[in-house]
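# Geometric and topological summary
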Amino acid sequence: MVECDISSTCPFFNDRLENMPTTATLLKQQYCQGDFEHCARFRVETKLGSTSVPGSLFPEDAAVADRIVAGT
Ligand code: SF4
């Protein structure tokens, strides 16, 4: 199993976000323990740093990540 490089510090992975989705377990399996390079949070953090990742951003929010990374 491939695990995300930043899972040890990721608030989503460690259930520290205020509004964790009911699908969190599935999202962790899909992204955190698999396709982490396509996770919205991973993409923003690796591009802009952890302080640029909104607390409301979840792994499947690809379009939001695109906008943040593009600076729009
Ligand atoms: S895949 Fe995304 S949500 Fe999961 S640990 Fe990595 S950055 Fe966090």
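The structure reproduced in this document is the subject of the present report.

Quick notes on the rules
Residues numbered from 1 in each chain as written. Predicted model: local features only at pLDDT ≥ 70, side-chain atom pairs only at ≥ 80, totals over all residues. Heavy atoms only, no water. 1 Å grid on protein atoms, 1.4 Å probe; cavity = no way out; pocket = protein on both sides within 12 Å on 5 of 7 lines; lining within 4 Å. Points joined across faces, edges and corners; volume = space filled by probe spheres on them. Helix = DSSP H or I, 4+ residues; strand = E, 2+ residues; numbered from the N terminus. Near = heavy atom within 4 Å. Sits in = over half its atoms within 2 Å of the grid points. Buried < 20%, exposed > 50% of the residue type's maximum accessible area, 1.4 Å probe, protein only.

## What about empty space enclosed by the protein?
- For the structure on display, the rule yields 1 cavity of 30 Å³ or more.
- Within this model, the largest cavity holds a volume of roughly 70 Å³.
- Every residue along the wall of the largest cavity is listed here: Cys4, Ile6, Ser7, Cys10, Phe13, Tyr31, Cys32, Phe36, Cys39, Arg41 and Phe42.
- Going through the elements one at a time, helix H1 (24-32) and helix H2 (40-48) are the ones with two or more residues in the lining of the largest cavity.

## Focus on the site of the ligand
- Looking at the ligand, there are 13 residues lining it, with Cys4, Cys10, Phe12, Cys32 and Cys39 nearest.
- When atoms are counted within 2 Å of each cavity's grid points, the one that captures over half of the ligand is the largest cavity.
- Breaking the shell around the ligand down by element, the ones donating at least two residues are H1 and H2.

## Regarding unusual backbone geometry
- At aspartate 15, a residue that is not glycine, the phi angle is positive and equals roughly 60°.
- Along the chain, the position of aspartate 15 falls in the segment before H1.
- Look at aspartate 15 and you get partly exposed, because its relative accessible area is 47%.

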